[in-house]
Amino acid sequence: MSTLPPLEVIVARSAGTCFGVEAAIRLADSVRKPILGPLVHNPKVVNDLASKGIPIFERYADLDALEGVSEVVITAHGYPKELKEALKARGIQFYDATCPVLLKWVYRKIQRFEADGYRVILIGNPNHAEIIASRSYGTDIHVVYSPEDVEQLPDNLGKTVAICQTTITREKFQKLVDLIREKKYPDLKAVDTRCKPVKNQQEAVEMLAQWVDAMLIVGGFNSSNTTNLANIARKYLPERTYHIDSPALIQPEWLEGVRHLGIGAGTSTPREQIEEVKQRVAELYPGPVLFRVNDAEEEDLVGVDNSEI
Ligand code: SF4
């Protein structure tokens, strides 16, 4: 009989797929049309769809490569406006799996601020699909992701407002806003447009990482919000935070000396993958494993944070 003390495993409140990702998967699975890019940033989800015979094209496929294709699915991160128009011009119908948060809050916010005379500064990764799409909904948006980008901003832009990528960390958004105010526009208005599922997950991982001995963060390596969760956990557990995209990556030595193990997962990580990770932990730990029930209260999941900073 094992003399090891039990390992207590706690899954972070709100871990796993958000409503936007779930809706995108439901849509793609029901229509079974070619998808333009990874539907969401999780290899398991993409592979599951591909294994059902759904063709998956490059995100920004050369339109000539779509010869013979009459219907496509647009991914959850959205597509630039011009590209949607180009698809329409070719007679290609699309099923739009763009997350409602982007359609209803982010794109509209950009358009409303511009209508009110603001120049919009979008804080996020310029190479990320969400930012590429979002900036197309404004007329002349500046994207900032580093202190060097701040230096490149013009000196006089008039009334300015900063909004952010839905998956960025509050810390990074705040730092860049502070820097822009200091170096360029002291009166910059800034509105936190992280979506509620991301905000909830970031706060949950931040709390959990402060009292467990190790954290597993589950989700695609190409997932921006999962990577951010891992970075948040690393602030408290620099040596014992493990970002994995498959339960097979868990090493037995990661559990050595661990009494409390936290699990966080990005908004594109299916809940069944979290269950597989729990199962793998139970197989690898040589003593008893206790799973703590997630007894969180219902959370507000709709829209974006919207607080001004
Ligand atoms: S993470 Fe947020 S913006 Fe992205 S799909 Fe989920 S709810 Fe939508």
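Just so it is clear, the structure is predicted and the values come from calculations on it, not from any experiment.

**A few points about the overall build of the chain**
- A count of helical and extended segments in the chain gives ten helices and 13 strands.
- C-alpha extents for the chain along the principal axes are approximately 70 × 55 × 35 Å.
- Considering only residue pairs separated by 6 or more positions, the chain has 72% of its internal contacts joining residues 24 or more positions apart.
- By element, 49% of the accessible surface of the chain is carried by carbon and sulfur atoms, the whole surface being about 14,200 Å².

**A few points about the site of the ligand**
- Around the ligand, the surrounding shell consists of C18, G20, C99, T166, C195, P197, V198 and T267.
- Structurally, the ligand is housed in the largest cavity.

**Brief notes about the domain arrangement of the chain**
- Under the domain assignment used here, the chain contains domain 1 (7–16 + 196–292), domain 2 (19–99) and domain 3 (101–190).
- For domain 1 and domain 3, the distance between their C-alpha centres works out to 31 Å.
- The interface is formed by seven residues belonging to domain 1 together with eight residues belonging to domain 3.
- Note on domain 1 versus domain 3: buried area summed over both sides is about 500 Å², and carbon and sulfur give 49% of it.
- Put simply, domain 1 and domain 3 have one salt bridge between them.
- With a closest N to O distance of 3.3 Å, E171 and K235 form a salt bridge.
- Our count for the domain 1 to domain 3 interface comes out at five residue pairs in polar contact (both at pLDDT 80 or more).
- Only α8 (196–209) and α9 (224–236) provide two or more residues apiece to the side of domain 1 that touches domain 3.
- Top element by residues in the side of domain 1 that touches domain 3 is α9. It accounts for five residues.
- Residues of the side of domain 1 that touches domain 3, tallied by class, amount to two nonpolar, four polar and one charged.

**Regarding the packing of aromatic side chains**
- Considering all chains together, one arrives at three aromatic pairs under this definition.
- For the pair Y107 and Y137, a centre-to-centre distance of 3.9 Å together with 5 degrees between the ring planes defines the contact as stacked. Separated by 30 residues along the polypeptide, Y107 in helix α4 (residues 100–115) and Y137 in the loop between α5 (129–135) and β7 (142–144) bring together distant segments of the chain.
- Here the aromatic rings of F113 and Y118 are separated by 5.3 Å at their centres, their planes lie at 80 degrees, and the arrangement is edge-to-face.
- Assessed through its relative accessible area of 11%, F113 is described here as buried.
- Positioned over the ring face of Y118 is K159, at 4.4 Å from the centre of the ring.
- Above the ring of Y145, the side-chain terminus of K172 is found at 4.0 Å from the ring centroid.

**Topic: empty space enclosed by the protein**
- Inspection of the entire model under this criterion finds two cavities of 30 Å³ or more.
- Taken as a whole, the largest cavity spans an internal volume of roughly 290 Å³.
- Around the largest cavity sit 23 residues that line it, and V21, H77, T166, T167 and T267 are the ones nearest its centre.
- For the lining of the largest cavity, the element with the most residues is helix α1 (residues 19–31), which contributes three residues.
- Split into classes, the residues belonging to the lining of the largest cavity amount to eleven nonpolar, eleven polar and one charged.

**Digging into the side chain of Q273**
- With respect to the helices and strands, the residue Q273 is situated in helix α10 (residues 271–284).
- Here Q273 falls in the buried class, since its relative accessible area comes to 2%.
- One polar contact links Q273 to N42, side chain to side chain, over a distance of 3.3 Å.
- With near-sequence residues (within four places) excluded, Q273 lies in contact with N42, K44, V218, D245 and S246.

Quick notes on the rules
Residues numbered from 1 in each chain as written. Predicted model: local features only at pLDDT ≥ 70, side-chain atom pairs only at ≥ 80, totals over all residues. Heavy atoms only, no water. Helix = DSSP H or I, 4+ residues; strand = E, 2+ residues; numbered from the N terminus. Contact = heavy atoms within 4.5 Å. Areas by Shrake-Rupley, 256 points an atom, 1.4 Å probe, with all protein chains shown as cover. Near = heavy atom within 4 Å. 1 Å grid on protein atoms, 1.4 Å probe; cavity = no way out; pocket = protein on both sides within 12 Å on 5 of 7 lines; lining within 4 Å. Sits in = over half its atoms within 2 Å of the grid points. Domains from an automatic or database assignment. Buried area = accessible area lost by both parts, 1.4 Å probe. Salt bridge = Lys/Arg side-chain N within 4 Å of Asp/Glu carboxyl O. Polar contact = N/O pair within 3.5 Å; in protein donor to acceptor, adjacent residues only side chain to side chain. Nonpolar A, V, L, I, M, F, W, Y, C, P; charged D, E, K, R; others polar. Phe/Tyr/Trp six-rings, centres within 6.5 Å; stacked < 30°, edge-to-face > 60°. Buried < 20%, exposed > 50% of the residue type's maximum accessible area, 1.4 Å probe, protein only. Lys NZ or Arg CZ within 6 Å of the ring centre and 35° of its normal. Points joined across faces, edges and corners; volume = space filled by probe spheres on them.

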